[in-house]
Amino acid sequence: QVQLVESGGGLVQPGGSLRLSCAASGRIFSINAMGWYRQAPGKERELVANIRSGGTTNYADSVKGRFTISRDNAKNTVYLQMNSLKPEDTAVYYCRMGVITTSYLEVWGQGTLVTVSS
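Parameters at a glance
Residues numbered from 1 in each chain as written. Predicted model: local features only at pLDDT ≥ 70, side-chain atom pairs only at ≥ 80, totals over all residues. Heavy atoms only, no water. Helix = DSSP H or I, 4+ residues; strand = E, 2+ residues; numbered from the N terminus. Buried < 20%, exposed > 50% of the residue type's maximum accessible area, 1.4 Å probe, protein only. Polar contact = N/O pair within 3.5 Å; in protein donor to acceptor, adjacent residues only side chain to side chain. Contact = heavy atoms within 4.5 Å. Pairing = 2+ DSSP bridges. Disulfide = S-S within 2.5 Å.

### Some points on the side chain of Thr112
Next up, step 1: Position of Thr112 relative to the elements: it lies in strand β11 (residues 112-116).
Next up, step 2: Judged by relative accessible area, Thr112 falls into the buried class, the value being 11%.
Next up, step 3: A polar contact is formed between the side chain of Thr112 and the backbone nitrogen of Gly9, at a distance of 3.3 Å.
Next up, step 4: Residues contacting Thr112, with those up to four places away along its chain left out, are Glu6, Gly9, Leu20, Ala91, Val92 and Tyr93.

### Concerning the pairing of strand β7 (residues 67-72)
Next up, step 1: The alternating pattern of β7 places Phe67, Ile69 and Arg71 on a buried face and Thr68, Ser70 and Asp72 on a face that is not buried.
Next up, step 2: One ladder, built from 6 bridges, connects β7 with strand β8 (residues 77-82); its direction is antiparallel. From the neighbouring strand, Thr68 faces β8, where its bridge partner is Gln81.
Next up, step 3: Linking two consecutive strands that pair antiparallel, namely β7 and β8, is a turn of 4 residues; a positive phi of about 50° is found at Asn76 within it.

### Some words on the state of the cysteines
Next up, step 1: In the structure shown here, the tally under the stated rule is 1 disulfide.
Next up, step 2: Between the sulfur atoms of Cys22 and its disulfide mate Cys95 the distance is 1.9 Å. The sign of the S-S torsion, about 50°, decides the handedness of the disulfide formed by Cys22 and Cys95: right-handed. Note that Cys22 is positioned in strand β3 (residues 18-26) and Cys95 in strand β9 (residues 91-100), a separation of 73 residues in sequence. With respect to burial, Cys22 and Cys95 carry one shared label: buried.

The structure is reproduced here in structure tokens:
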């Protein structure tokens, strides 16, 4: 089995920063795309950013210029650096990875809450 463990969420004031981490563990041969999604209360889950194995990144328009996604393949970990946070960034953030073991698996983390409020 493959598990994703997220960390780094919390309460931050508007304009502040947070860094989320998501580490994969288990029998992993390699990982294709890694991504971050978020779900705000009463809204559907949406893509925040993703990064392919070659390093190509993609961002939602709402976070471009403020958030940066990166990955450490040696640690099977993906990061999300969030700067200039706004109240509308408040949500549960989930990581997702395309993991190759003996087969291909789409794996989700348990979610970490980010609250932006004064």
